[in-house]
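Spelled out from the first residue to the last, the chains are:
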Amino acid sequence: MADYTPQSIEQKWQARWTASGAFEVEVDRSRPKFYCLEMFAYPSGHAHVGHVRNYMIGDIVARLKRMQGFNVLHPFGWDAFGLPAENAAIKNKLHPETWTLANIAHMKGQLQRLGISYAWGREIATCLPDYYHWNQWLFTRMLEKDIAYRRRSSVNWCPSCLTVLANEQVIDGACWRCGTQVTTRELEQWFLRITQYADELLDATAGLSAWPEKVLTMQQNWIGRSTGVQATFPLVDPVGPLASGETTRGLEIFTTRIDTIYGATFVLLAPEHPLVDAYLAGPEHAAKREVVAKFRAQDRLARMSGEVEKEGVDTGRFAINPFTAERVPIWVANFVLADYGTGAIMAVPFGDQRDFEFAKKYGLPIRAIVAPAEGDSVDPKAVDPATMSEAFAGYGRSIDSGPFSGLPSKDAWQKMADHAEAKGIGTRSTQYRLKDWGISRQRYWGTPIPVVHCPVDGIVAVPDEQLPVELPKVKEFTGQGDSPLAHIADWVNVSCPKCGGPARRETDTMDTFVDSSWYFYRFCDPKNNALPFSPEAVRYWGPVDFYSGGVEHAILHLIYSRFFCRVFRDLGFVDHDEPFARLLTQGMVLKDGHVMSKSKGNVVDPDDMIQKYGADALRLYVMFVAPPEKEVEWNDSGLEGSFRFLARVWRAVEPLSETLRGASPASFAGLDLDDAHRALRRKTHQTIERVSGDLYPRAHLNTGIAALMELVNELYAFTDKIGVTKQGRLTGVELGPATRAVLAECLEALVLMLSPFAPHMAEELW
RNA sequence: GCGGAAGUGGCGGAAUGGCAGACGCGCUAGCCUCAGGAGCUAGUCCGGGCAACCGGGUGGAGGUUCGAGUCCUCUCUUCCGCACCA
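Residues numbered from 1 in each chain as written. Chains lettered and ligands numbered in written order. Predicted model: local features only at pLDDT ≥ 70, side-chain atom pairs only at ≥ 80, totals over all residues. Heavy atoms only, no water.

This paragraph deals with the protein's contact with RNA strand B. Surveying the vicinity of RNA strand B reveals 39 residues, the closest of which are Thr256, Lys310, Arg354, Val625 and Pro627. Within 4 Å of the protein, the contacting atoms of RNA strand B are 75% sugar and phosphate, with bases supplying the remainder. In this structure, a sugar or linking oxygen belonging to RNA strand B sits 3.0 Å away from a main-chain N or O atom of Phe335. The contact in question runs from a phosphate oxygen of RNA strand B to an N or O atom on the side chain of Lys630, over 3.1 Å. Mapped onto the surface near RNA strand B, the elements with two or more residues apiece are helix 7 (213-223), strand 11 (248-255), helix 19 (636-657) and helix 21 (701-722). Per-element accounting of the surface near RNA strand B gives the leading share, six residues, to helix 21. In the surface near RNA strand B, the residues fall into 14 nonpolar, 11 polar and 14 charged. (Near = heavy atom within 4 Å. Polar contact = N/O pair within 3.5 Å; in protein donor to acceptor, adjacent residues only side chain to side chain. Helix = DSSP H or I, 4+ residues; strand = E, 2+ residues; numbered from the N terminus. Nonpolar A, V, L, I, M, F, W, Y, C, P; charged D, E, K, R; others polar.)

Right, let's get into the packing of helix 19 against helix 21. Running from amino to carboxyl end, helix 19 crosses helix 21 at an angle of 40 degrees, the nearest separation of the two axes being 11 Å. In terms of their interaxial angle, helix 19 and helix 21 are classed as oblique. Of the two elements, helix 19 crosses helix 21, and the hand of that crossing is left-handed. On helix 21, the residues touching Phe645, Arg648, Val649, Arg651 and Ala652 of helix 19 are Leu708, Met709, Val712, Asn713, Leu715 and Tyr716. Among the residues forming the contact of helix 19 with helix 21, the class breakdown is eight nonpolar, one polar and two charged. (Axes fitted to C-alpha atoms, helices over the stretch in contact; angles between N-to-C directions. Parallel < 35°, antiparallel > 145°, perpendicular 65-115°, else oblique. Left-handed = near helix turned anticlockwise from the far one by under 90°. Contact = heavy atoms within 4.5 Å.)

This part is about a nonpolar patch on the surface. The grouping of Met67, Leu752 and Trp766 at the surface amounts to a nonpolar patch, some 330 Å² of accessible area in total. Tracing the backbone through its elements, the reader meets Leu752 in helix 22 (residues 737-754). (Patch = residues over 30% accessible without salt bridge, like charges linked within 9 Å, V, L, I, M, F, W, Y side chains within 5 Å. Areas by Shrake-Rupley, 256 points an atom, 1.4 Å probe, with all protein chains shown as cover. Salt bridge = Lys/Arg side-chain N within 4 Å of Asp/Glu carboxyl O.)

In this structure, Gly312 sits in strand 13 (residues 312-320). Classification of Gly312 as buried rests on a relative accessible area of 14%. Measuring from C-alpha to C-alpha, the distance between Gly312 and Arg53 comes to 51 Å, with 259 residues separating the pair along the chain. If sequence neighbours within four positions are ignored, Gly312 has contacts with Phe295, Trp331, Val332, Ala333, Phe358 and Tyr362. (Buried < 20%, exposed > 50% of the residue type's maximum accessible area, 1.4 Å probe, protein only.)

Strand order in the open sheet formed by four strands is 22-21-24-23, and the pairing between neighbours is antiparallel. Unpaired on one side and paired on the other, strand 22 (458-461) and strand 23 (493-495) mark the two borders of the sheet. The mean inter-strand angle of the sheet, taken between neighbouring strand axes irrespective of direction, is 40 degrees. Pairing of strand 21 (residues 451-454) with strand 22 involves four bridges; the strand directions are antiparallel. Its bridge partner lying in strand 22, Val452 is registered against Val460. (Pairing = 2+ DSSP bridges.)

Structurally, Glu10 can be placed in helix 1 (residues 6-20). As a buried residue without a salt bridge, Glu10 has its nearest oppositely charged side chain in Arg619, at a separation of 7.9 Å. Residues in contact with Glu10, not counting those within four places in the same chain, are Tyr4, Ile610, Gly614, Ala615, Asp616 and His760. (Lys, Arg positive; Asp, Glu negative; His and termini not counted.)

A separate point is the pattern of salt bridges. All chains considered together, the criterion is met by 40 salt bridges. In this structure, the salt-bridge partner of Arg443 is Glu86, at a minimum N-O distance of 3.9 Å. Here Arg443 is found in the loop between strand 20 (440-441) and strand 21, whereas its partner Glu86 is found in helix 3 (residues 83-92), with 357 residues between them in sequence. Summarising the burial analysis for this pair, Arg443 and Glu86 share the class buried.

Topologically, Ala738 is positioned in helix 22. For Ala738, a relative accessible area of 8% puts it in the buried group. Sequence separation between Ala738 and Leu671 is 67 residues, and the spatial gap between their C-alpha atoms is 5.6 Å. The residues contacting Ala738, other than those within four sequence positions of it, are Leu671, Asp672, Leu673 and His677.

Two elements in contact, helix 5 (residues 129-144) and helix 16 (residues 556-570), have axes separated by 12 Å at closest approach and are oriented at 70 degrees. When the axes of helix 5 and helix 16 are compared, the pair comes out roughly perpendicular. The way helix 5 lies across helix 16 gives a crossing that is left-handed. Here Trp137, Leu138 and Met142 of helix 5 come into contact with helix 16, specifically with Phe564, Val567 and Phe568. Looking at the contact of helix 5 with helix 16 residue by residue, the class counts come to six nonpolar, no polar and no charged.

This paragraph deals with the nonpolar core. By size, the foremost hydrophobic cluster in this structure holds 182 residues, and its most contacted members are Trp78, Tyr519, Phe563, Leu618 and Trp634. Ranked by residue count, the leading element in this core is helix 22, at 12 residues. Not counting residues up to four positions away in its chain, the partners in contact with Phe563 are Ile147, Leu192, Arg193, Ile194, Tyr197, Leu201 and Trp437. Among the nonpolar cores identified, the runner-up in size contains 57 residues, and Leu242, Val267, Tyr279 and Val370 belong to it. (Core = buried A, V, L, I, M, F, W, Y, C linked by side-chain atoms within 4.5 Å.)

The next point concerns unusual backbone geometry. The step from Gly542 to Pro543 runs through a cis peptide bond, and the omega angle for that step is -10 degrees. Omega for the bond connecting Tyr696 with Pro697 falls within 30 degrees of zero, at 5 degrees, which places this linkage in the cis form. Residue placement: Pro697 occurs in the loop between helix 20 (675-695) and helix 21. A positive phi angle is found at Ala325, which is not glycine, with a value near 65 degrees. Turning to its location among the elements, Ala325 is positioned in the loop between strand 13 and strand 14 (327-333). Although it is not a glycine, Asp400 sits at a positive phi angle of roughly 50 degrees. Position of Asp400 relative to the elements: it lies in the loop between strand 17 (396-398) and helix 11 (409-422).

Strand order across the open sheet formed by four strands is 6-5-9-19, with antiparallel pairing between neighbours. Of all the strands in the sheet, just strand 6 (163-165) and strand 19 (437-438) have a single pairing partner and so form its edges. The sheet contact formed by strand 9 (residues 183-192) and strand 19 spans two bridges and is antiparallel. Note on strand 19: the bridge partner recorded for Phe191 is Gly438.

Summary statistics for chain A give a mean pLDDT of 91 and a share of 96% for residues scoring 70 or more. In the predicted complex, the global pTM is 0.93; the interface-specific ipTM is 0.93. (pLDDT = per-residue confidence, 0-100.)

In structure tokens:
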């Protein structure tokens, strides 16, 4: 009997799979398709077992679906643009492309040594012009449809390094490299109008029944729709013109609690609100301006450090509450956000905890406007402005609210909104937390934004036939300056595509999340050089049936992709609304209680484990240790256990394979089965049912493996009885036809069911 | 603060409302062996009993049900996400 030696078996089969292109697929309308995808990888250098767990999960599903007769698309590629490559370039004086391509080569080898069944013929890397060409093409379409637009926005700027910083490079408000306090700079930047799809993106989450609840909730919160009323508080001292050029007679506020407007005893402006500068312009306000300037600087730090004391500045001016007709003071408050709603709020200290604290601190009036509902056992002192210690944010019955007094709060809400609309005071309005997506990056290693700035024609898109705008080769990376591309004169200076006059290229590049927002479509038609993909190819393959990856992409990547899907749909390129039918978020692999990372020195390299136990044992262990969604702690003896199980399967199957060749019967009719025969058959068939059910769509891979282990235990009990030795040899016993048939059926089923998990060994035994 | 998920042996974890702890790790004993860090067999929630078996047991307290780890209410704890969103 040959021992189980995984290394030689695995190399043999991997070579065959590669040579025969075993996992390459074409459109075949006679067969049902299955698109199995794992989130593509950032080529950081070496994949550890935490990374490859995801690829194993996808591979089990892909191999299972192939066995079930589906035409399975299972591709892989590289999310290859991004900051780490540029940083490595600065540090090692290498070109980012050199660094990136070397990493890709190594990681691809790692995946192949794991036996992941990818259609490598469809491999893509987003940093190659073949791919980013279509980012540019799509950007141009978005420009035409007014989905891409330009406006001023602030970026992080390190005054010492003289460079723009990504948010990740700002640590506690300071530059990651030199520790200098980071400031902001206003730059013209490109945005994608994702908010145009906010309602659809939110409402459609209800239909994503095969997504984790957690991810849907996170997306819903991120989009953050709230419905309310936008109302105008007339200004006692109209101002104008403002920086924006217009005159202002009234202050626009947004509220979700219009029913409490009779309790709005003051209004608050965000420090960045244009009225602030208008009201605090004179030299007598220098001190107040200084406080406001402090608020503006606070904003960025507040996010990092958490709690900031609520503070305000009195502008000394007044607005008119349109419902009470009373004068209410206008204050500036550090906790009011400029980029949500209108950047100004009506403050109702009775009903809002923040306003309550603010009113207490500055001695502003508190007026009770809601009484607790009947049956609410609320201490009267808790709703008496004289004695209450916190705001009463509940609903109940309106009081002291003019003609609306006595109404239940919810009815008052509608009536007051109606009143506001009838009197021209305000309108019902919906606000979102979701912001348009700023995609400009002042970086080299990304997709050049395909526009030209012409002094005559303004912004001109680079014509399709001149795409791709390729990244110029840069010799040296210093990390200094704004956009690295701005310093390459012969790349920047072009003639305007419209008038032919001298013009300059856009020197910003795109956020790398653009690359990953549609790559799953490119896989359907990766060699297309006329379009990002043919609509026919995606009509067959799309949408992705099974998508797995880390939960850290629950918000950004998975919302952007849903957004791009709809853009492509509206361009007539895809006919579905959602790109990913089923989503699985795999748990991380911890070592010594921590996430694996190079800096912690706790990474487990799959190649080390393959060398010791083989890829099959590694795959089996990682799938068996816990359900795929769960976080797991790495454990060497568990891996040994999986190796032992495979060796046990090997000893059960390999010695009998010659003896039982051709023994699998077409029918069991006429065979004389005893109780032991029947018991093994029953177990075999029960296992088939359990494993089939566990693997998909449940993806309970761990219990599927447990079922196989039970079958093997039963099999050993059976072979013991019929005289197979512990070493797997038959002790001269002649096997009867019933025994041969039952054994052959069991062993074949076992090998087949094992093959998604341990494909190399299964192939060899088969 | 808001939202989500989860609490089951020494450990990882199983249980369409129907025998709690499958399967594995670890541990114990036996067999095999020159040897075992290989392999095989048996045992391994707690209390009682030689045993068949009996009683208890899924963070805590109630409830629904013939029957609850599972469903409902309250509560405690942990992890995760968002966090001054008006």
